Amino acid sequence: MTVTVIHTPSGGPAPVLGPSPDRVEDLASYLARGGYRTQVEPEELLARVEAAGLRGHGGAGFPTAVKLRAVRDGAGTPVVVANGEEGEPGSVKDRWLLRARPHLVLDGLLRAARITGADRAYVYLSDHAAERSVRAALAEREPGLAVEVVRTEPAYVAGEESAVVRRIDGGPALPTAKPPRVFERGVGGAPTLVANVETLARTALLAASTGRSGAAQTVLLTLSGGRGAPVLTERRYDTTLRQLCATHRRDEPSAVLMGGLFGGLLPLTVLDLPLERSRLAEAGTGLGCGAIRFLGPDECPVSVAADAVDHLTAESSRQCGVCVSGTRALRDTLAALAEGRCDADGLANLARWAQGLPGRGACALLDAAARLASTLVSGFPELVDDHRRAPCQACAATPPEAGRRLRVPVPMPVATAAASAVANLARPCASAGVG
Ligand code: SF4
């Protein structure tokens with residue numbers, strides 16, 4: 001079975017991967033690295049978060065300081081949530097982080113609670129190994145605040161912030177219409193910070209730093225595609241896609257699937273772009289959750305788009321009529337294209353839907369499906385045209401598999417003795433949905 005390799009760049013900072021990414025970091029190790037101990041006033045930490053330009057690492061990339069302030073200044077006593085639900089099939093970094101460095105995430109969660117004035121905190125996840133690791137960390141050290149672990153079923157939309165709130169409140173993990181946004185009215189009606197676990201880890205690192213810090217200058221990435229093993233790495237934002245590709249494989253890819261399924265499919269003209277948000281936005285894409293697939297010679301952008309939209313269609317929560325019909329129409333047309341039986345009308349429809357569907361669902365799933373279609377049509381016009389007549393060899397050999405080929409396994413860090421012991425104690429209640 002393919003395993004995901006953890007790659008620490010030589011010479012570059014990797015503050016979140018840390019010095020031993022293949023091991024579970026217990027309390028003693030975390031304290032020895034200065035964790036939990038640094039006394040920094042909430043206002044000072046908020047200023048550091050703002051000065052560092054820290055943004056959310058879950059996908060949307062919203063400025064963290066703005067979110068923290070909005071929750072702090074909301075009506076009522078705030079609630080904070082560490083969101084570790086990782087629905088993107090090509091991303092593993094959040095589950096690795098919860099499994100390997102649970103104290104770093106909890107430290108960030110507690111500091112976010114201090115900044116916002118929250119009196120309750122939650123860790124929200126679906127991964128069993130991550131849950132065991134978090135429970136072990138909570139048993140090692142009293143957090144000084146009520147922290148509850150809430151388990152959800154894994155699903156593409158379960159990590160969307162309104163779905164997180166709905167699940168914590170005892171409902172299904174499905175997105176709701178906005179407004180209100182969760183920072184206005186979230187868990188139990190309280191202003192709620194739903195923060196990705198990597199964002200919280202970086203908040204904790206900023207608390208432990210003095211002066212200029214590298215804590216917000218890097219990003220965790222999951223690289224996959226081709227025949228090479230997937231890679232979990234941490235790189236600076238000035239790293240180019242070409243340099244990343246070299247980390248992962250030796251041959252040139254045929255295309256790039258960016259930001260999980262949110263950044264669309266891009267041609268090789270983007271390979272010299274750095275990971276900086278503004279540069280990627282200019283190119284019409286984004287880093288999202290940091291999952292990047294470099295398509296191998298045996299992968300065609302047409303069948304990859306068909307596969308990804310097939311996955312999104314299956315994962316739609318079917319609450320919005322436009323999402324049900326829109327994802328289905330995109331899926332069927334892309335599947336027809338991959339099979340060489342899409343006519344000119346089908347292609348015109350694809351282009352029209354790709355333009356008209358974004359922004360019409362209650363969450364961003366429909367936008368992701370539309371972007372996959374629009375970037376395929378705009379970035380690979382000759383390839384698309386060729387597929388109207390007959391499928392290419394790669395498409396003929398790889399029918400859509402509802403995203404299965406896009407999945408990446410999570411690297412399993414080696415548990416310390418202390419974490420294993422507590423994990424075993426925690427196991428009997430691990431099947432509880434909430435608690
Ligand atoms: S856009 Fe789709 S996935 Fe999102 S809430 Fe609506 S139906 Fe569900």
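Structural notes, computed from the coordinates.

1. Regarding unusual backbone geometry
Working step 1: The residue after K178, namely P179, is reached through a cis peptide bond having omega -5°.
Working step 2: Take P179: it is sitting in the loop between helix 7 (161-168) and strand 5 (192-196).
Working step 3: For the bond running from P179 to P180, omega is 0°, close enough to zero to count as cis.
Working step 4: Along the chain, the position of P180 falls in the loop between helix 7 and strand 5.
Working step 5: In this structure, R318 is a non-glycine residue whose phi angle is positive, near 60°.
Working step 6: Within the secondary structure, R318 sits in the loop between helix 11 (301-315) and helix 12 (321-338).

2. Here we look at the environment of A306
Working step 1: Relative to the helices and strands, A306 resides in helix 11.
Working step 2: Spatially, the C-alpha atom of A306 lies 18 Å from that of A344, the residues being 38 residues apart in sequence.

3. Description of helix 4 (residues 93-100)
Working step 1: Buried residues dominate helix 4, accounting for eight of its eight residues.
Working step 2: Burial in helix 4 covers these residues: K93, D94, R95, W96, L97, L98, R99 and A100.

4. Some points on the pattern of salt bridges
Working step 1: Taken as a whole and assessed by the stated rule, the structure comprises 28 salt bridges.
Working step 2: With its nearest N and O atoms 2.5 Å apart, the salt bridge here joins E131 to R151. Residue E131 is found in helix 6 (residues 128-140), and its partner R151 is found in strand 4 (residues 146-151); the two are separated by 20 residues along the sequence.
Working step 3: Take R151: its relative accessible area is 8%, and that puts it in the buried class.
Working step 4: Salt-bridge contacts for R202 lead to E234; the nearest nitrogen and oxygen are separated by 3.1 Å. On the criterion of sequence distance, the pair formed by R202 in helix 8 (residues 197-208) and E234 in strand 7 (residues 231-236) is long-range, its members being 32 residues apart.
Working step 5: With relative accessibility at 0%, the residue R202 sits in the buried group.

Rules behind the numbers
Residues numbered from 1 in each chain as written. Predicted model: local features only at pLDDT ≥ 70, side-chain atom pairs only at ≥ 80, totals over all residues. Heavy atoms only, no water. Helix = DSSP H or I, 4+ residues; strand = E, 2+ residues; numbered from the N terminus. Buried < 20%, exposed > 50% of the residue type's maximum accessible area, 1.4 Å probe, protein only. Salt bridge = Lys/Arg side-chain N within 4 Å of Asp/Glu carboxyl O.

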